[in-house]
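Chain by chain, the residues run as shown.
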Amino acid sequence: MNVRLIAEGEAEACNDFYNRIYGKKRSLRQWKWDFYSTIYNNPRIPFAVVEDGGKIVGTQAFIPIRMIDEDGVFWTAKSEETLVDHNYRGKKLFEQMYQLLFDYANKNGLAYIWGFTPATRAFKRLGFVIPAVTSQIFYPFSRRSIPPLLERTGKDPGLVKSGLFGIGCNLARMVSSLRFALNNPMRAGFSGLELRTLESAPEDAGHLCERFIRQWGGVTIYRDTAYLRWRIFQNPYLRAVMRAAYDGDQLVGYIAYSLGDDGMGYLVDLMIAVSEDKSYDANDVARLLLSEAVIGTRNMGAHAIRGWRVNDHPFDAVITRVAGSLGFYHIRKGHAVVLYCARDAAKRKASDQFGRWFVSRIYTEGVFG
Amino acid sequence: MTRAAEYLWIQIRDHVSRFFSKEATTLLESSRIIFASYDQAMHTRQPAVVIPIDIPAPVEPNTPYRVPFNGTHLTPWNPLPAPSQGEWQALPDASAPLWYRHQAGTITPAWNLFANLFDLLTFREERESQARDCHGRFVARFSPRYREGLLEVPAFNEGAAALVAACAGLRRNGSPAFDLEDLVGPPVAVLSHDCDILAGNDIWTQLIRAHRIVQPLKRARLPRPGNLWWMISNAILPKRFYFDNVTGMINLEREFGYTSSFYLLNGSGGRYGARSGSKLLPDLIEAVPEQWDIGMHYNYDTHLHHERFQTQLDELNAIVPGGIKCGRAHYFRFDSKKSLPFLESFGIECDESAGYSDRIGYRCGIGGCFQPYDAASGKALNIYEIPAVIMDTTLVDQYGEKSLARFRYLMNHLGCIGGALSLIFHPGNFHNPELRRMLGIYHKLLIECRQLEVQSQTPLALAISA
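It should be emphasised that the depicted structure is a prediction, and the values quoted were computed from it without experimental measurement. (Residues numbered from 1 in each chain as written. Chains lettered and ligands numbered in written order. Predicted model: local features only at pLDDT ≥ 70, side-chain atom pairs only at ≥ 80, totals over all residues. Heavy atoms only, no water.)

Draft legend 1. Geometry of the pattern of salt bridges. In total, this model carries 37 salt bridges over all chains according to the counting rule given. Across the pair Asp 224 of chain A and Arg 66 of chain A runs a salt bridge, and its minimum N-O distance is 2.8 Å. Of this pair, Asp 224 of chain A sits in the loop between β9 (220–221) and α9 (225–233) while Arg 66 of chain A sits in strand β3 (residues 55–69), and the two are 158 residues apart along the sequence. An identical accessibility class is assigned to Asp 224 of chain A and Arg 66 of chain A; each is buried. Here Arg 147 of chain B makes a salt bridge to Glu 60 of chain B, at a shortest N to O gap of 3.1 Å. Separated by 87 residues along the polypeptide, Arg 147 of chain B in helix α6 (residues 144–147) and Glu 60 of chain B in the loop between β2 (48–52) and β3 (67–69) bring together distant segments of the chain. (Salt bridge = Lys/Arg side-chain N within 4 Å of Asp/Glu carboxyl O. Helix = DSSP H or I, 4+ residues; strand = E, 2+ residues; numbered from the N terminus. Buried < 20%, exposed > 50% of the residue type's maximum accessible area, 1.4 Å probe, protein only.)

Listed below in structure tokens is the structure:
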């Protein structure tokens, strides 16, 4: 068995391995979009494979992602494609692939490795920490939102419980509608900004991200034009709808939302940076953009819309507060965050404070963005 | 070459340039393809494809059969008589041949390729039939192909694909091929939306709901008061599930990287007319992004009526940037002899009216785009027809739970032979809890399209892509 980085021409074999194990039909184009970043200019991508007799039997990848903190932009990586053929389990292949990738991270200045998983034990053994568990903000449109929600738990609620869930959902829906009707920005008469649908990545996206960090502090993905083009506008699965708020020519914020194949609406990303001299504040813009996402996904036929709530980053707190006033509920159910600090992490301020990260669903670096 | 043969050749060539690779177009144009009499075909002795043009075909399809081809099956009908001389070989086999090949390299189709395709593009079935429904339409059940179960066979596409493969094989090894390798492009979806109703509070829609409440009483069943809910909710929020769905559909299509066209209904009102009037049209036009097309949904009473059509067109031209260039007839009111020259005279460049209201299917045997034949001049009219293949409720009424599977089959088939499928989805059927059976269907159809790597084109873009 040979544990090494992917060789040229092995993309198809790796994708076939994934499709075989998961019974999926991911195309080679989708694989390439996932792992060949248009931003990361390194001919050797951090994609480890285990090859046995010419056959791929294990994969582990990093997707290099730039992040930004008060000191500037730096590289990190999202852990992805953790997969070992069940016939090869128990041979420490996962650890060997990771060791290779940790070396890669140290050599290439990837400061953090992060990901989301329900299976945390193996990651802990490798030195990852579990700094948080994602939770959700949730706005129901119909009782059909219940099966996708329950499906994630893997439990069959049975007829009676399902009926009760239905009644509960209808009540929750009514309360949400009422709250939305009372608090949406049209009712409040807020109209200081122009809303536009973006057909391409905005040129000043990076600038917005920099202002975001100046306003809210902490760490987040550096969503510049190149990143949004890659993850949103060139997404071969779903191209999230992006609605942006402009004050004159200045991009004040945007929201990205999608309708998933399961019929659920997904709040993919939300960024806002407002200077203090304005007549409106971040709460106003958040209310405007979240309302757009609610109406937008509802008109697309979504059963519900949900987004992530991860920690106490100041902007996360704003979203949660505004979402609550618009009729969203907070559901404490999600996946564990796994975080590994590589050698370059020590160079960052507050490297061990995950509470300072602003995390949205765009961090999944998958189907939604 | 006769004018009819010349016309058909141009339609085949344009079709190939739309749905096949450049290499396939070059291959087709550089191959020796001869349209000739059956007798000449039998006596040609050179590497060429010779298509007989003098064998009349019956209107009723005769002896359809299936031939494996490029991962799917072709369904030719009206087989031609097998050559009597022993030097001809039936390919792929004598029981279901697609071609006869002479040892000198001559290839001739085993079915009446020319007559079948020409008859379909020129609406022969309906020209020779007097049958019409109460709206004056030639509906699917009147078609002889309906009785034979052939309405969902894109015969033109199959003929063109067979021809391309034959040319490729001829070039490769002197014998027709039965696969297309990389010559065929991805299937295309032509998505469109007839905006019949944009607000659910018009008098006709409300009366229909009221009627639905008491309708069961006629059959001694309990009334359906649930319809009251929709009457009240649309009275309060008229745009809900109608106009609002337009923005939802655009966003959904944008998410998949697709575009579509919206056909606007204006002009006179009434049960069959523009129930919502014209007041919401400026808002709708503003909501439709630049990459999407806006066309005219020819009102019911404008059918072959010059003044009414002109009035409707003028009203739309005044508010649609760039004017109206495409459209579809409300209720599919379409006269196979008169409608297309009529539309051409108004400057309509692309029409999607040649579809069925009662079944899904290829009314002209083509999944794609063609220029109709003008019998008087023997040339193509200056208008493109993209026959509608699937209408939302028709698909679900016809196939129920198997609707998605059927759609997948049709798209996959086009993926193997090249072509486009024109799909109509009304905004009012997109996300409307009043029509539970339609909930989520459009989304699922687009998911199928993504999985089959379908590309989308608006009608105008498709028409000019040749």
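Following the structure, the description resumes.
Draft legend 2. Structural view of the interface of chain A and chain B. Opposite the 19 residues of chain A that make contact, chain B presents 19 residues. Summing both partners gives a buried area of about 1700 Å² for chain A against chain B, and 47% of it is carried by carbon and sulfur. The tally of links between chain A and chain B comes to three salt bridges. A salt bridge links Glu 199 of chain A to Arg 254 of chain B; its shortest N-O distance comes to 2.7 Å. Taken together, the connections running from chain A to chain B amount to seven residue pairs in polar contact (both at pLDDT 80 or more). For the side of chain A that touches chain B, the secondary structure elements donating two or more residues are β11 (250–259) and α10 (282–299) of chain A. (Contact = heavy atoms within 4.5 Å. Buried area = accessible area lost by both parts, 1.4 Å probe. Polar contact = N/O pair within 3.5 Å; in protein donor to acceptor, adjacent residues only side chain to side chain.)

Draft legend 3. Seen up close, the domain arrangement of chain A. Residue and element names in this part refer to chain A. Domain boundaries in chain A define domain 1 (2–131) and domain 2 (135–334). Centre-to-centre separation of domain 1 and domain 2, based on C-alpha positions: 29 Å. Note on domain 1 versus domain 2: buried area summed over both sides is about 1800 Å², and carbon and sulfur give 69% of it. Looking only at domain 1, the three residues that lose the most surface to domain 2 are Trp 33, Arg 66 and Ile 68, adding up to 40% of its buried area. (Domains from an automatic or database assignment.)

Draft legend 4. Here's a closer look at the domain arrangement of chain B. For chain B, the domain assignment lists domain 1 (3–173), domain 2 (188–199 + 238–463) and domain 3 (201–236). Of note, the centres of domain 1 of chain B and domain 3 of chain B, computed from C-alpha atoms alone, are 51 Å apart.

Draft legend 5. The arrangement of the packing of aromatic side chains in detail. All names here are of chain A. Counted by the stated rule, this structure contains 52 aromatic pairs over all chains. Measuring from ring centre to ring centre gives 6.0 Å for Tyr 98 and Phe 123, while their planes differ by 80°; the resulting arrangement is edge-to-face. Placement of Tyr 98 in helix α3 (residues 93–108) and of Phe 123 in helix α4 (residues 121–125) is noted, with a sequence separation of 25 residues between them. Residue classification places Tyr 98 among the buried positions, given a relative accessible area of 0%. Since its relative accessible area comes to 6%, Phe 123 is described here as buried. (Phe/Tyr/Trp six-rings, centres within 6.5 Å; stacked < 30°, edge-to-face > 60°.)

Draft legend 6. View of the sheet that holds strand β1 (residues 33–36) of chain B. Residue and element names in this part refer to chain B. One open sheet accounts for five strands, arranged β1-β2-β7-β6-β5; its pairing is mixed. At either end of the open sheet lies a strand with only one pairing partner, and these are β1 and β5 (88–91). On average, each strand axis in the sheet is inclined to that of its neighbour by 25°, with strand direction left out of account. Where β2 and strand β7 (residues 106–109) come together, two bridges link them in parallel fashion. Across the sheet, Ala 48 pairs through a bridge with Thr 106, a residue of β7. Packing of helix α4 (residues 113–121) onto the sheet brings it into contact with β1, β2, β6 (99–102) and β7, and relative to β2 it is tilted by some 60°. (Pairing = 2+ DSSP bridges. Axes fitted to C-alpha atoms, helices over the stretch in contact; angles between N-to-C directions.)

Draft legend 7. Structural view of the environment of Val 188 of chain B. Residue and element names in this part refer to chain B. Mapped onto the secondary structure, Val 188 falls in strand β8 (residues 188–195). Taking the relative accessible area as the measure of exposure, Val 188 reaches 4% and is therefore buried. In this structure, the C-alpha to C-alpha distance between Val 188 and Ser 422, residues 234 residues apart in sequence, is 8.5 Å. Sequence-distant contacts of Val 188, defined by excluding residues within four places in its chain, comprise Phe 19, Met 411, Gly 419, Ala 420, Leu 421, Val 454, Gln 455, Ser 456 and Gln 457.

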